[in-house]
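As a plain string of letters, each chain reads:
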Amino acid sequence: SSSSQIPSFASAFGACLVLMAAVAFAEDFKEKMVAQGVKPEFCDVWLGLHSKFCEGDTGLIPESSIEPVNELVDWDSLPEGDPSLLDKTVILKLNGMLGTDMGFDKAKCLLSVKKEQTILDLVVHQTKQLQEQHPVRLLLLNSVETEEDTREFFKTYPELHDMWESDVSLQQGLCPKIDAATRQPVVWPANPSLEWCSSGDGGVFAALLASGKLDQLLEDGYEYAFVSSIENLGATVDLRMLARLATSDAPIVAEFCSRGAGCAERGHLAMQRDCAGLMVREREQCPQADQKDFHDTTKYKFCSTGNMWLNLKHVKNALVEGELKLSATVKAEHLDPSSPEQPGPEVFVLKPSLTSALTSLPGAQAICVLCDRCNYVMTCDQLFALRSDAYVVGGDFTLVLAPGACKPIVEFDRKNYKTLHDFEQSVPLGMPSLKACKKLKVNGKIIFGPHVSIDGEVEIHSGDHGDHPPIVTGHIRGTPGKLRILRDADDMLSHVALSARPRSYVLMPQTKVIKVVTSQTGARTQQQAVPWPSTASAAAAVPVSVVRAAAAPAGDLFYHGAWAGGYV
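Residues numbered from 1 in each chain as written. Predicted model: local features only at pLDDT ≥ 70, side-chain atom pairs only at ≥ 80, totals over all residues. Heavy atoms only, no water.

Undergrad: Explain the sheet that holds strand 16 (residues 328–334) here, please?
TA: With antiparallel pairing, the three strands of this open sheet are ordered in space as 9-17-16. Each end of this open sheet is capped by a strand with a single partner; those strands are strand 9 (178–179) and strand 16. In this structure, strand 9 lies alongside strand 17 (residues 346–352), joined through two bridges in antiparallel fashion. Directly across from Ile178, in strand 17, lies its bridge partner Phe348. Where helix 2 (residues 40–54) meets the sheet, it contacts strand 9, strand 16 and strand 17, and its direction lies at approximately 125° from that of strand 17. (Pairing = 2+ DSSP bridges. Helix = DSSP H or I, 4+ residues; strand = E, 2+ residues; numbered from the N terminus. Contact = heavy atoms within 4.5 Å. Axes fitted to C-alpha atoms, helices over the stretch in contact; angles between N-to-C directions.)

Structural data, given as structure tokens:
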């Protein structure tokens, strides 16, 4: 009996030593943050997260601790709101992300979306339009990385630039990274800035309090804040949601939408088993063993749009009384993950989770909104779709689907399309039309020729053509309910010969132009072979090629490149 207790005692003693060391290190972290000039409000939040981390809180949310939410109040059942509520409303955009994951080394809000209009241009125009009738305020929560880029951009809007410090800019705090081996503050003399990371979107509450802007807003008569990521082009002021916040007296009303294609990776809504409180589980918070459940859209039906409406009075009271206790997102990575040659030691990164405010504040509500409220520019694929004619800028400066357009899902392979530059190289002659496209998937390097249009679901597979990627042009159609696949080499030939699908058009570089003559029996002969034009401008003048089912009419042109290394 006593011997069986020895291992458990040793384990408990070891855990106690670890905890004691972590408590001692907490002072080291606090001293480091104070020396860096981190404001007390941010220090308190992060040290609280660190304390939980030392007690074993990894930020993971196992399946056993939650259950699904099956029903939500629908947005379209909400009554129309009173426009006068806008007089008390602040638009707060989360603007902490760089575009480095897309090969864009500035604030992501500066990406051009439509005709040289950036994401931030659209946000400013939306706000200024509201300000024509209501004193709506615009605040931006910037990170250290995005502050200067964004401030420089605002020189094009002098009236906002002049009150940047006083009225527009909020800044995230800094969080120290934890050395995974020692659990102490990581030290990297070669580049001390790598010892820190921004507090992320979850730092918005501490930023409002620490800057004094929360008190100033309340003093100026502002009671409500619409908080959303600047990457979400679907996040615009909505009077129904604003009225719900005002009439319900809830501290937070969060927007969710039905999970479907394109948003299954976003955090889903759930209910805590122990206290029946609403919560969001992000993908990185889901243990590996529970990933199947996370991706089950029939079980977890609602995903977070990231849009949140705050009652500023309730938020202020919760902050002052210490009731707003956010949970952490914990990420294990190398000190400098952007450097494959010298990534540095392994570290833990702790940040406050914004969506955990839904759990922290009693009375929080969730509403199911339309899917167009969740329209993010997080990847080059999404930007490609938004730059196409499937989307237009509406009269209220929102990016919406064009009349009659499908919402296209775009997937380019990550090997050949890593950065924005890679994508832009594929459309030197203009964007393809995606108004009738449900899904476009591209594997291998290609170039879209002029006036390309894509209907339905289409996959384009191209082999390795080196510095001479094939040019795809014309009208490519997928039949209703089926997938249109364009492939390289002989697989393409058999596909074309045996398929009964509608016509599509393909041009290839460095190939022969072959006039196809089709008999009544479907037999084909080849005539009139001529060299393929060597330049894009010459190619644009060549008649569009036709790849068609076996019943192709005589005289159609098929640009065949099988001997030149395959064709699309």
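Still more ground to cover, so stick around.
Undergrad: Looking at this structure, I do not really get the pairing of strand 15 (residues 302–311). What am I missing?
TA: Every other side chain in a regular strand lies on the same face of the sheet, so the side chains alternate between the two faces. Most of strand 15 is tucked away: nine of the 10 residues are buried. The sheet contact formed by strand 11 (residues 224–229) and strand 15 spans four bridges and is antiparallel. Its bridge partner being in strand 15, Tyr224 is matched across the sheet by Asn311. The pairing of strand 12 (residues 252–258) with strand 15 spans six bridges and is antiparallel. When the bridges of strand 15 are listed, Val253 appears paired with Trp309. (Buried < 20%, exposed > 50% of the residue type's maximum accessible area, 1.4 Å probe, protein only.)

Undergrad: So what exactly am I meant to see when it comes to the pairing of strand 17 here?
TA: In terms of residue burial, strand 17 counts as a mostly covered element, since five of its seven residues are buried. In the sheet, strand 16 pairs with strand 17 via seven bridges, with the strands oriented antiparallel. Across the sheet, the residue bridging to Ala328 is Pro352, located in strand 17.

Undergrad: I'm lost on the nonpolar core in this one. Help?
TA: The tendency in soluble globular proteins is for nonpolar side chains to be buried as a group. Formed by 71 residues in total, the largest nonpolar core has its most connected members in Leu120, Phe154, Phe384, Leu440 and Phe448. In this structure, Phe384 is in contact with Val410, Phe412, Phe423, Ser426, Val427, Met431, Pro432, Leu434, Leu440 and Phe448, ignoring residues within four places of it in sequence. Counting 63 residues, the second largest nonpolar core, distinct from the first, contains Met33, Ala210, Leu269 and Leu358. (Core = buried A, V, L, I, M, F, W, Y, C linked by side-chain atoms within 4.5 Å.)

Undergrad: Which parts of the structure should I look at to understand the pattern of salt bridges?
TA: It is possible for side chains bearing opposite charge to pair when their charged atoms get close. Across all of its chains, the model carries 19 salt bridges by this definition. Measuring nitrogen to oxygen at the nearest pair gives 2.7 Å for the salt bridge that ties Glu63 to Lys299. Of the two residues, Glu63 sits in the loop between helix 2 and strand 1 (66–67) while Lys299 sits in the loop between helix 10 (291–294) and strand 15, which places them 236 residues apart along the sequence. Between Glu424 and Arg387 there is a salt bridge, with its nearest N and O atoms 3.1 Å apart. One end of the pair, Glu424, is in helix 14 (residues 420–425); the other, Arg387, is in helix 13 (residues 380–387), and 37 residues separate them in sequence. Exposure remark for Glu424: the relative accessible area of 38% places this residue in the partly exposed category. Connected through shared salt-bridge partners, Glu63, Arg281, Asp293 and Lys299 make up one network. (Salt bridge = Lys/Arg side-chain N within 4 Å of Asp/Glu carboxyl O.)

Undergrad: How should the state of the cysteines be read in this particular structure?
TA: Here, disulfide denotes a covalent bond that connects the sulfur atoms of two cysteines. One pass over the full model with this rule turns up zero disulfides. Lacking any disulfide linkage, Cys43 is separated from the closest cysteine sulfur, that of Cys175, by 9.7 Å. Judged by its relative accessible area of 5%, Cys43 falls in the buried class. Its sulfur unpaired, Cys175 is 4.8 Å from the next cysteine sulfur, which belongs to Cys197. With relative accessibility at 3%, the residue Cys175 sits in the buried group. (Disulfide = S-S within 2.5 Å.)

Undergrad: Sorry, what's going on with unusual backbone geometry here?
TA: For residues that are not glycine, phi is negative in most cases, and the peptide bond is trans in most cases. We note that Arg183 has phi near 65°; this positive angle belongs to a residue other than glycine. Within the element layout of this structure, Arg183 appears in the loop between strand 9 and strand 10 (196–198). Looking at Arg183, the relative accessible area reads 38%, which means it is partly exposed.

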